[in-house]
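# Coordinate analysis (summary)
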Amino acid sequence: MGFSNHLMTKTQYAFTFTCEEFFRVNPQAYFWTFTFKSVPIDDEYAMLDWHTFESRLCRYYPECWGIRVTELHRSHGIHFHFFLNIRIPVDHMRKLIYGSGHLV
């Protein structure tokens, strides 16, 4: 096994750095997974849907910040994993997500 097997890509390093900073500042994190009712038409549609939700979230919880990881699955399309710095009750999250397209 060569030394190069242990080097991270720029993307991996950036993600690791971001996570380390997030958890340094926020000892408690809240994890959500958002998926779609059906497979989105394309990635652009999925990201527009996410942006609609994220805009609402920031409007009602301006102190909120987090890390989103987008994951693509061949069988059921895109879903998002999301770490947040604050706890948002599930009933509030459902109200925020409602009307953002196909995210659930």
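Residues numbered from 1 in each chain as written. Predicted model: local features only at pLDDT ≥ 70, side-chain atom pairs only at ≥ 80, totals over all residues. Heavy atoms only, no water.

## Details of the pairing of strand β3 (residues 77-84)
Two faces make up the sheet, and in a regular strand the side chains alternate between them. With six of its eight residues buried, β3 lies for the most part within the structure. Judged from the five bridges that link them, strand β1 (residues 30-34) and β3 form a sheet pairing that is antiparallel. Residue W32 lies in a different strand from β3, and its bridge partner there is F82. Here eight bridges tie strand β2 (residues 66-73) to β3, and the two strands are oriented antiparallel to one another. The residue bridging E71 from the neighbouring strand is H79, located in β3. (Buried < 20%, exposed > 50% of the residue type's maximum accessible area, 1.4 Å probe, protein only. Helix = DSSP H or I, 4+ residues; strand = E, 2+ residues; numbered from the N terminus. Pairing = 2+ DSSP bridges.)

## Observations regarding the packing of aromatic side chains
The tally for this structure, following the rule as stated, stands at 12 aromatic pairs. Seen from their ring centres, F23 and F83 are 5.4 Å apart, and the 80° between their planes marks the pair as edge-to-face. Highlighted residues: F23 in helix α1 (residues 10-25) and F83 in strand β3, separated in sequence by 60 residues. Owing to a relative accessible area of 23%, F83 belongs among the partly exposed residues under this scheme. (Phe/Tyr/Trp six-rings, centres within 6.5 Å; stacked < 30°, edge-to-face > 60°.)

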